[in-house]
Amino acid sequence: MSQRTCLAIVLAAGEGFRMRSSLPKALHAIGGRTLLEHVLRSAVLAGGAEIAVVVGPDHDAVAAQARKLAPQAQIFVQSERLGTAHAVLAAKQAIARGADDILVVFADTPLLRPETLANLRAALERGAAVAVLGFKPADPQGYGRLVMNGGELVAIREQNDATLEELAIAFCNGGLMALAGDKAIPILERIGNANAKGEYYLTDAVAIARDMGLKAVAIETGEDDVRGINTKAQLAQAEAVLQTSLRAAALEAGVTMIAPQTVYLAADTKLGRDVTIEPNVVFGPGVTVEDGALIRSFSHLEGAHVGKGARIGPFARLRPGTELGQDVHIGNFVEVKAAQIEAGAKANHLSYIGDARVGEGANIGAGTITCNYDGIAKHRTDIGAGAFIGSNSSLVAPVKIGDGAYVGSGSVVTKDVPANALAVARSKQTVKEGWAKRLRQLKGLSKNLSKTLTSKTLSKKKPKKRG
Ligand code: UD1
Ligand code: MG
């Protein structure tokens, strides 16, 4: 590996007008990660030991996320959005520290592989002052065109400034750029704004470097690597590309998917061997599923750990803080949040388990709700190993159900239940013999009712003939 030092400058100050969104472009996400996070990860992996992030003046949220994801990063504010070259110069102080390689990466180009950035750096090592990525997109609309002369890169022409002849060029600019550290500032400071948009274009670095007698090169890469995101449609296309590669990697690792194209994974989803995922399952960020678990259709998981051999769904929702032990069953219409459910425990139908622990082998009956919120604060429910919670019980937290205890169906449990005890917290049943019949007689309904019963019996005996 090269000993050259590297500064990666991430440009994230653009307005992202074309997204038609109140969220800054860099904070839109694919595969459960923001565009900024994707790019920062690639920059770090490409050897960008030093990182600078350029944000807009009103982009505190972008700066905060950059600080969180890359605490080593230096944040610069581009006070006015005057173009990509102007944005790079916002980080002039970092460039002046004299790294050998300067990598300029765009926060709107999230699928960029670290290897591709390494290829750009290798071009600098071979003597280029400017290296750009070229690609041949299916639709070149909006991209800068690479003007070549023989094998040499002469200039980059932005869409708005291109002649018809230049617009016909299929070889486009991937956007990001590598600059030789000792040439970067003189090149960048010579860039003007005499163009259709009146912006300082980073792309002009190519023609300027050549003017200065320096070498500029284009390295070809695939479209997916440099897919730029300027619109919601491009965001969706990038998501599709990412999903295809995440699904392929999961299948390769031994995951069984019946209809992989209907399963949505996050970039950090971890799936063990022989995990089976039925159609239409969505993984948000932070999910790990251990070997042999089954995730049935229409389940949604985020921030959850699923133990070996567990069975989830169909129609289950696992929210952040869910910890499921081995062979746990979480069935249809069960929601789990911030809860540890220990080995072999079951909640098979229609339940909410939040801020809770469910001990080993416990059985949570249909319709059980942990009432964790009193309108002000959240409270915990603790259910012991082997406990049995009867259907339709409300466990009003904070509350503790001891090991092996029983809770009678329909109970509203407000007090702790000792181990091995039975708690029944519902009103006693009363039975009034003949009450219904007397009511019907009183209302004169008994005749009509017997008529209905008779006609039903008859129609069962003689089914209507069809057609
Ligand atoms: C840019 C390139 C174009 C290339 C395309 C590839 C320029 C002038 N054009 O066009 O040749 O084909 O990317 O995707 O470089 N930004 C700032 N401050 C600014 C302007 C932009 O930080 O003042 C940031 C944006 O947040 C974004 C990146 O720079 O991350 C690129 O800006 P964008 O407006 O998306 O450029 P494109 O029109 O896509
Ligand atoms: Mg762009």
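Calculation criteria
- Residues numbered from 1 in each chain as written.
- Chains lettered and ligands numbered in written order.
- Predicted model: local features only at pLDDT ≥ 70, side-chain atom pairs only at ≥ 80, totals over all residues.
- Heavy atoms only, no water.
- Near = heavy atom within 4 Å.
- Polar contact = N/O pair within 3.5 Å; in protein donor to acceptor, adjacent residues only side chain to side chain.
- Areas by Shrake-Rupley, 256 points an atom, 1.4 Å probe, with all protein chains shown as cover.
- 1 Å grid on protein atoms, 1.4 Å probe; cavity = no way out; pocket = protein on both sides within 12 Å on 5 of 7 lines; lining within 4 Å.
- Sits in = over half its atoms within 2 Å of the grid points.
- Helix = DSSP H or I, 4+ residues; strand = E, 2+ residues; numbered from the N terminus.
- Nonpolar A, V, L, I, M, F, W, Y, C, P; charged D, E, K, R; others polar.
- Axes fitted to C-alpha atoms, helices over the stretch in contact; angles between N-to-C directions.
- Left-handed = near helix turned anticlockwise from the far one by under 90°.
- Contact = heavy atoms within 4.5 Å.
- Points joined across faces, edges and corners; volume = space filled by probe spheres on them.
- Donors = N, O, S within 2.8 Å, 3.2 Å for Na, K, Ca; no water.
- Buried < 20%, exposed > 50% of the residue type's maximum accessible area, 1.4 Å probe, protein only.
- Phe/Tyr/Trp six-rings, centres within 6.5 Å; stacked < 30°, edge-to-face > 60°.
- Lys NZ or Arg CZ within 6 Å of the ring centre and 35° of its normal.
- Pairing = 2+ DSSP bridges.
- Right-handed = clockwise from strand over helix to strand, strands pointing away.
- Core = buried A, V, L, I, M, F, W, Y, C linked by side-chain atoms within 4.5 Å.

### Description of the site of ligand 1
Thinking step 1. In the region of ligand 1, 25 residues are neighbours, and Gly14, Gln78, Asp108, Glu158 and Asn173 sit closest.
Thinking step 2. Measuring from a nitrogen atom of ligand 1, one finds a side-chain N or O atom of glutamine 78 at 2.7 Å.
Thinking step 3. Take glycine 83: an N or O atom from its main chain is 2.9 Å from an oxygen atom of ligand 1.
Thinking step 4. Protein chains bury 92% of the 750 Å² of accessible surface belonging to ligand 1 in isolation.
Thinking step 5. Placement of ligand 1 is best described as lying within the largest pocket.
Thinking step 6. For the shell around ligand 1, the elements supplying multiple residues, two or more each, are β1 (6–12), α3 (84–89) and β10 (172–180).
Thinking step 7. For the shell around ligand 1, the element with the highest residue contribution is β10, accounting for three residues.
Thinking step 8. Here the shell around ligand 1 is built from residues that sort into nine nonpolar, eleven polar and five charged.

### Quick look at the packing of helix α1 (residues 35–45) against helix α2 (residues 60–69)
The packing of two helices is summarised by the inter-axis angle and the distance between the axes.
Thinking step 1. At a minimum axis separation of 10 Å, α1 and α2 run at an interaxial angle of 40°. Like other packed secondary-structure pairs, α1 and α2 cross with a definite hand, here right-handed. Contact residues: α1 offers Leu36, Glu37 and Leu40, while α2 offers Val62, Gln65, Ala66 and Leu69.
Thinking step 2. Within the contact of α1 with α2, the residues separate by chemical class into five nonpolar, one polar and one charged.

### Topic: the layout of surface pockets
Thinking step 1. Here the largest pocket is characterised by a volume of approximately 1400 Å³.
Thinking step 2. If you go around the largest pocket, you meet 45 residues; those closest to its centre are Arg18, Lys25, Asp108, Lys197 and Asn230.
Thinking step 3. At the level of elements, β1, α3, β10, α9 (223–226) and α10 (232–252) are the ones that each hand at least two residues to the lining of the largest pocket.
Thinking step 4. In terms of residue count, β10 provides more of the lining of the largest pocket than any other element does, three residues in total.
Thinking step 5. Looking at the lining of the largest pocket residue by residue, the classes come out as 14 nonpolar, 20 polar and eleven charged.

### Here's the deal with the coordination of the magnesium ion (ligand 2)
Thinking step 1. Around the magnesium ion (ligand 2), the protein contributes the donor atoms Asp108 (OD) and Asn230 (OD1), which lie 2.1 to 2.3 Å from the metal centre. Residue aspartate 108 is located in the loop between β6 (101–106) and α5 (114–125), and its partner asparagine 230 is located in the loop between α9 and α10; the two are separated by 122 residues in the primary sequence. Across the pair, exposure class does not vary: aspartate 108 and asparagine 230 are buried alike.

### Observations regarding the environment of proline 314
Thinking step 1. By secondary structure assignment, the location of proline 314 is in the loop between β20 (311–312) and β21 (317–318).
Thinking step 2. We classify proline 314 as partly exposed; its relative accessible area is 23%.
Thinking step 3. Among residues more than four places away in sequence, those in contact with proline 314 are Arg296, Ser297, Ser299, Gly331, Asn332 and Phe333.

### Topic: the packing of aromatic side chains
Thinking step 1. Across all of its chains, the model carries four aromatic pairs by this definition.
Thinking step 2. Both rings, one in phenylalanine 135 and one in tyrosine 143, keep their centres 4.9 Å apart while their planes meet at 85°; by these two values the pair is edge-to-face. Take phenylalanine 135 and tyrosine 143: they sit in the same class, and that class is buried.
Thinking step 3. Pairing phenylalanine 298 with phenylalanine 315 gives two aromatic rings, centres 5.0 Å apart and planes at 10°, and the pair type is stacked. Here the residue phenylalanine 298 occupies a position in the loop between β17 (294–295) and β18 (300–301), and phenylalanine 315 occupies one in the loop between β20 and β21, the gap between them amounting to 17 residues.
Thinking step 4. Classification of phenylalanine 315 as partly exposed rests on a relative accessible area of 37%.
Thinking step 5. Through successive ring pairs, a cluster of aromatic residues spans Phe298, Phe315 and Phe333.
Thinking step 6. Over the face of the ring belonging to tyrosine 264 we find arginine 247, whose NZ or CZ atom lies 5.1 Å from the ring centre.
Thinking step 7. Of note, lysine 378 hangs over the ring of tyrosine 373, and the distance from its end group to the ring centre comes to 5.3 Å.

### Things to note about the environment of isoleucine 401
Thinking step 1. Here isoleucine 401 is to be found in strand β30 (residues 399–401).
Thinking step 2. In this view, isoleucine 401 contacts Asp382, Ile383, Gly384, Ala387, Ile389, Leu395, Val407, Val413 and Val417; residues no more than four positions away in its chain are not counted.

### Topic: the pairing of strand β5 (residues 74–77)
Thinking step 1. Pairing of strand β4 (residues 50–55) with β5, which is carried by four bridges, proceeds in the parallel orientation. Opposite valine 53, over in β5, you have isoleucine 75 as the bridge partner.
Thinking step 2. What joins β4 to β5 is α2, and the crossover it makes is right-handed.

### A few points about the nonpolar core
Thinking step 1. Grouped together as the largest cluster of nonpolar side chains are 55 residues, with contacts concentrated most on Ile277, Phe283, Ile330 and Ile401.
Thinking step 2. Among the secondary structure elements, those contributing two or more residues to this core are α10, β19 (304–306), β23 (329–341), β24 (346–358) and β30.
Thinking step 3. The residues touching phenylalanine 283, leaving out its near neighbours within four places in the chain, are Val263, Tyr264, Leu265, Ala266, Thr269, Leu271, Ile277, Val289 and Leu301.
Thinking step 4. Counting residues in each nonpolar core, the second largest holds 38 residues, with Ala26, Ala46, Val62 and Val226 among its members.

### Thoughts on unusual backbone geometry
Thinking step 1. Along the chain, glycine 313 connects to proline 314 via a cis peptide bond; the corresponding omega equals 0°.
Thinking step 2. A cis amide bond, omega 0°, links alanine 397 with the succeeding residue proline 398.
Thinking step 3. With respect to the helices and strands, the residue proline 398 is situated in the loop between β29 (394–396) and β30.
Thinking step 4. In this structure, asparagine 280 is a non-glycine residue whose phi angle is positive, near 60°.
Thinking step 5. Mapped onto the elements, asparagine 280 comes out in the loop between β14 (276–277) and β15 (282–283).
Thinking step 6. Within the chain, alanine 338 stands out as a residue other than glycine whose phi angle is a positive 40°.
Thinking step 7. Note on placement: alanine 338 falls in strand β23.
Thinking step 8. For alanine 338, a relative accessible area of 23% translates into the label partly exposed.

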